[in-house]
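Topology and contacts: notes
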Amino acid sequence: MIEAVIWDFGGVLTSSPFEAFARYELERGLPKDLIRGINAANPNGNAWALFERSECTLDEFDELFAREALALGHDVRGRAIVELLSGDIRPAMVAALKACKARVKVGCITNNVSAGEGAGMARGHDKARAVAEVMSLFDHVIESSKIGIRKPDPRIYQLACETLGVSPANCVYLDDLGINLKPAAQLGMKTIKVVDPAAALAELEAAVGFPVG
């Protein structure tokens, strides 16, 4: 029996920052997936990992990321990437979150950075308010930048379950990245990869056994 639904934020409840990365690369004539490639290299010790664990400041991230990009022959500042992080809220996903909240516990695990406004790293007051409204729906929110642990570290999923007072086997976890879903599945969670939101919601409905649309 499902007792909790745990959500990633960016790329699930909002549009994916990867879409913004792709537009940025196209507009500036950069190689496709350059930014994702930089972020995936040395995944536990690169600039991105340090920033998401609050082990470096925004100024330090700006410089560290620029060095990583320059090593590949490109001029990309870290601050420019931070500006791309805040996606647009997906109303259908928020409706599903509300439907789940009415029946089970709901939590959020988000890898974020100490930039912008709030957990969703919004770049403006209006978006920050909208994100805050969504965040207020959760029984508990875990932010990598606040606890110094980031996905896919298994401890962050265990912490979410402990905080919500549920067993991993009785949880559904949604994320847009397979690398973040794997440890959740290994702990026993039912996992859903969010690529097409409509398909993900159909999977969620089947998993929880009640309407979410």
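The following paragraphs examine the structure supplied in this document.

What counts and how
Residues numbered from 1 in each chain as written. Predicted model: local features only at pLDDT ≥ 70, side-chain atom pairs only at ≥ 80, totals over all residues. Heavy atoms only, no water. Pairing = 2+ DSSP bridges. Helix = DSSP H or I, 4+ residues; strand = E, 2+ residues; numbered from the N terminus. Axes fitted to C-alpha atoms, helices over the stretch in contact; angles between N-to-C directions. Contact = heavy atoms within 4.5 Å. Expected span 1.5 Å × (residues − 1). Buried < 20%, exposed > 50% of the residue type's maximum accessible area, 1.4 Å probe, protein only. Arc of directions from axis to C-beta. Salt bridge = Lys/Arg side-chain N within 4 Å of Asp/Glu carboxyl O. Parallel < 35°, antiparallel > 145°, perpendicular 65-115°, else oblique. Left-handed = near helix turned anticlockwise from the far one by under 90°. Nonpolar A, V, L, I, M, F, W, Y, C, P; charged D, E, K, R; others polar.

**Things to note about the sheet that holds strand β5 (residues 190–193)**
Across the sheet, 5 strands lie side by side as β3-β2-β1-β4-β5; this open sheet has parallel pairing. Whereas interior strands pair on both sides, the edge strands pair on one side only; in this sheet they are β3 (140–143) and β5. On average, each strand axis in the sheet is tilted by 20° relative to the strand beside it, whichever way the strands run. Where strand β1 (residues 4–7) lies against strand β4 (residues 171–175), 4 bridges are found, and the strand directions are parallel. Paired with I6 across the strands is Y173, a residue of β4. Strands β1, β4 and β5 of the sheet are contacted by helix α11 (residues 197–208), whose axis makes an angle of about 165° with β5.

**Description of helix α4 (residues 58–71)**
Between its first and last C-alpha atoms α4 spans 20 Å; for 14 residues at 1.5 Å apiece the expected length is 20 Å, and the two agree. Along α4, the positions that sit buried rather than exposed are F61, D62, F65, A66 and A69. Projected down its long axis, α4 shows its buried positions confined to an angular sector of 130°, all on one face. Set apart from the buried face of α4 by more than 90 degrees, the exposed residues are R67, L70 and A71. G73 sits one or two residues past α4 and shows a positive phi near 90°.

**Digging into the pattern of salt bridges**
Under the criterion given, the structure shown has 14 salt bridges. Between D33 and K32 there is a salt bridge; the shortest N-O distance is 3.3 Å. According to the relative accessible area criterion, D33 is partly exposed, its value standing at 36%. You can call K32 exposed: its relative accessible area is 68%. For R150, the salt bridge identified is with E52, shortest N-O distance 2.8 Å. With a gap of 98 residues between them, R150 in the loop between α8 (144–147) and α9 (154–164) and E52 in helix α3 (residues 47–52) connect regions that are remote in the sequence. Overall, E52 belongs to the buried group, its relative accessible area being 5%. Ionic contacts of the salt-bridge type, sharing partners, join the residues D62, E63, R67 and R77 into one network.

**Observations concerning the packing of helix α6 (residues 91–101) against α11**
The interhelical angle for the contact between α6 and α11, taken along N-to-C directions, is 15°, at an axis separation of 10 Å. The pairing of α6 with α11 is recorded here as roughly parallel in orientation. Crossing angle aside, the handedness with which α6 passes α11 is left-handed. Each of A92, M93, A96 and C100 in α6 lies in contact with α11, whose residues at this interface are P197, A200, L201 and L204. By residue class, the composition of the contact of α6 with α11 is 8 nonpolar, no polar and no charged.

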